[in-house]
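Descriptive analysis of the structure
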Amino acid sequence: QWRDSRTVHRSYLTDVVNPLHELASDSSSSFAKDFEIVQYGTLGVEGGEDLPLFAVLPRGVFVADDAPSSNAKPTVLVTGGTHGYETSGIMGALDFLSSGKANKYLPFLNVVVVPCVSPWAYERVERWVATAVDPNRSFCRKSSEDGEDPLRTEESNKLMAFLDGFGAT
């Protein structure tokens with residue numbers, strides 16, 4: 001009932017995904033040279049269009065099967081949009097990438113950026129995700145080994161599985 005009363009106020013695809021792809025398609029940018037965009041999942045949206053989930057990784061640092069390469073630098077994770085109404089984190093993550101500031105850390109760190117953790121909440125300007133759960137409270141270690149953790153949201157399950165895939169959690 002709560003979820004059905006939430007209305008879309010802005011577009012994740014227009015505001016977040018399109019700018020990411022524009023950065024990647026600009027072959028003259030340092031972003032395109034140093035980073036790659038990886039879709040790590042899709043967020044199912046009941047009664048709407050599914051939303052793709054993206055991370056930005058340093059080019060060539062992680063191999064195709066998501067296992068760490070021989071690059072032994074520490075990895076730092078930058079996230080935005082854990083809460084959909086906190087637009088500054090999303091815009092800050094996009095600016096960090098588009099301004100070239102992220103590139104300056106690459107000699108020292110593997111910089112992984114997830115600009116929008118909760119796109120459903122972003123579109124509806126909500127703190128909670130579609131299941132009326134605060135995603136901030138759902139980034140926890142698995143309580144069981146048999147699939148997705150019931151304490152996690154779909155958003156956190158997908159992000160944590162992606163990070164687990166290359167030993168980052």
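As a reminder, the structure under discussion sits directly above these lines.
Before going into details, it helps to say that this report is about the structure given with it. The structure presented is a predicted model; accordingly, all values stated were derived computationally and were not measured.

**Regarding the overall build of the protein chain**
When its secondary structure is counted, the protein chain shows five helices and four strands. Every one of the 169 residues in the protein chain was classed for burial, and the buried ones make up 42%. Sequence separation of at least 24 residues holds for 62% of the intrachain contacts in the protein chain that already meet a minimum separation of 6. Summing over all exposed atoms, the protein chain offers an accessible surface of approximately 8600 Å²; the carbon and sulfur share of this is 51%.

**Here we look at the pattern of salt bridges**
If the charged atoms of two oppositely charged side chains come close together, the side chains can form a pair. The final tally for this structure, using the stated rule, is five salt bridges. Residue Arg6 is joined to Glu126 by a salt bridge in which the shortest nitrogen-to-oxygen separation is 2.9 Å. Of the two residues, Arg6 sits in the segment before helix H1 (12–25) while Glu126 sits in the loop between helix H4 (119–124) and helix H5 (154–165), which places them 120 residues apart along the sequence. Residue Glu126 is classed as buried on the basis of its relative accessible area of 14%. A salt bridge links Glu154 to Lys158, with the nearest nitrogen and oxygen atoms 3.3 Å apart. Taken together, the positions of Glu154 and Lys158, both in helix H5 and four residues apart, correspond to about one turn of that helix.

**With respect to unusual backbone geometry**
One non-glycine residue, Val125, lies in positive phi territory at about 55°. Inspection of the secondary structure assignment puts Val125 in the loop between H4 and H5. The class for Val125 is partly exposed, based on a relative accessible area of 35%.

**Considering the packing of aromatic side chains**
Overall, the coordinates contain three aromatic pairs when judged by the stated rule. Ring geometry for Phe31 against Phe35: centres 5.6 Å apart, planes inclined by 25°, an arrangement best described as stacked. The exposure class of Phe35 is buried, given its relative accessible area of 0%. Taking the centre distance of 6.0 Å and the plane angle of 45° together, the rings of Phe96 and Tyr105 count as tilted. The buried category is assigned to Phe96, whose relative accessible area is 18%. Looking at Arg10, its charged tip hangs above the ring of Tyr122, at a distance of 3.9 Å from the centre.

**Re the pairing of strand E4 (residues 110–114)**
Two faces, one strand: in a regular strand the side chains alternate between the faces of the sheet. Burial runs high along E4: five of the five residues are buried. What you see with E4 is no split at all: Asn110, Val112 and Val114 on one side and Val111 and Val113 on the other are buried throughout. Where strand E3 (residues 75–79) and E4 come together, five bridges link them in parallel fashion. Counted as the bridge partner of Val78 is Val113 from E4.

Conventions adopted
- Residue positions within a chain follow its written sequence, with the count starting from 1.
- Given that this is a predicted model, residues contribute local features only at a pLDDT of at least 70 and side-chain atom pairs are listed and counted only at 80 or more, while totals for whole chains, interfaces and linings are drawn from all residues.
- Values reported for side chains reflect all heavy atoms of the structure, with hydrogen atoms and water molecules removed beforehand.
- Helix and strand definitions here come from DSSP, where helices need a minimum of 4 consecutive H or I residues and strands a minimum of 2 consecutive E residues; each element is numbered from the N-terminal end.
- Only protein chains enter the area calculation, which uses a 1.4 Å probe; residues under 20% of their type maximum are buried, those over 50% are exposed, and those in between are partly exposed.
- Whether two residues are in contact is decided by their heavy atoms, any of which lying within 4.5 Å being enough.
- Method for areas: the Shrake-Rupley scheme with a 1.4 Å probe, in which residue coverage is limited to the protein chains shown.
- The salt bridge criterion pairs a side-chain nitrogen of Lys or Arg with a carboxyl oxygen of Asp or Glu, the two atoms within 4 Å.
- Aromatic contacts are taken between Phe, Tyr and Trp rings whose centres are within 6.5 Å, Trp giving its six-membered ring; a plane angle under 30 degrees counts as stacked, one over 60 as edge-to-face, and the others as tilted.
- Criterion for a charge above a ring: Lys NZ or Arg CZ within 6 Å of the ring centre, and within 35 degrees of the ring normal.
- DSSP bridges decide pairing: two strands pair if at least two such bridges lie between them.

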